[in-house]
Amino acid sequence: MKTTLTALALAASVLGGTAQAQNASMTMEVALSMLELSAQRELQHYGYGSTDVMDLTLSQLAGIKAATSNGDYN
């Protein structure tokens, strides 16, 4: 009986951890997609529409976001 309960508890914790990891991964993908879309829109605005944002690193995307989020860039 104890073995069965231990196995069930272990399975539940593994499945719960897997679900949390999948949710975190999904959240990261959505955030990255939003960052890519934002960078693409800004690059098009400044005449760099042919730039493929998928080739940019996360650091480069964040730099574009930081530079264009600043109210002084206009």
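Description of the structure in this document. Predicted, not measured: the structure shown is a model, and the values here were computed from it. (Residues numbered from 1 in each chain as written. Predicted model: local features only at pLDDT ≥ 70, side-chain atom pairs only at ≥ 80, totals over all residues. Heavy atoms only, no water.)

The next thing to look at is the overall build of the protein chain. Along its length, the protein chain carries 2 helices and 0 strands. Taken across its 74 residues, the protein chain has 14% of its residues classed as buried. As displayed, the protein chain has an accessible area near 5,800 Å², and 62% of this comes from carbon and sulfur atoms. (Helix = DSSP H or I, 4+ residues; strand = E, 2+ residues; numbered from the N terminus. Buried < 20%, exposed > 50% of the residue type's maximum accessible area, 1.4 Å probe, protein only. Areas by Shrake-Rupley, 256 points an atom, 1.4 Å probe, with all protein chains shown as cover.)

Right, let's talk about the nonpolar core for a bit. Core analysis: the biggest nonpolar cluster contains 6 residues, these being L35, A39, L43, V53, L61 and I64. Of all elements in the fold, only helix 1 (2-45) and helix 2 (58-69) reach the threshold of two or more residues within this core. Looking at this core, the element that brings in the most residues is helix 1, giving 3 residues. Residues within four places of L43 in sequence aside, it is in contact with Y48, G49, T51, V53, L56 and I64. (Core = buried A, V, L, I, M, F, W, Y, C linked by side-chain atoms within 4.5 Å. Contact = heavy atoms within 4.5 Å.)

Looking now at helix 2. For helix 2, with 12 residues, the first-to-last C-alpha span of 16 Å sits near the 16 Å given by 1.5 Å per residue. Among the residues of helix 2, L61, I64 and T68 are the ones counted as buried. For helix 2, the angular spread of the buried residues around the axis is 60°, confining them to a single face. In helix 2, the exposed residues that point more than 90 degrees away from the buried face are S59 and A66. (Expected span 1.5 Å × (residues − 1). Arc of directions from axis to C-beta.)

This brings us to the environment of S38. Inspection of the secondary structure assignment puts S38 in helix 1. Of the residues examined, S38 reaches a relative accessible area of 10% and is grouped as buried. Separated by 23 residues in sequence, S38 and L61 have C-alpha atoms that sit 8.7 Å apart.

Okay, the side chain of T68 next. Looking at the element boundaries, T68 is found in helix 2. Using a relative accessible area of 15% as the deciding quantity, one classes T68 as buried. One polar contact links the side chain of T68 to the main-chain carbonyl oxygen of I64, over a distance of 2.8 Å. (Polar contact = N/O pair within 3.5 Å; in protein donor to acceptor, adjacent residues only side chain to side chain.)

So far we have only geometry, and geometry alone does not tell us how the molecule works.
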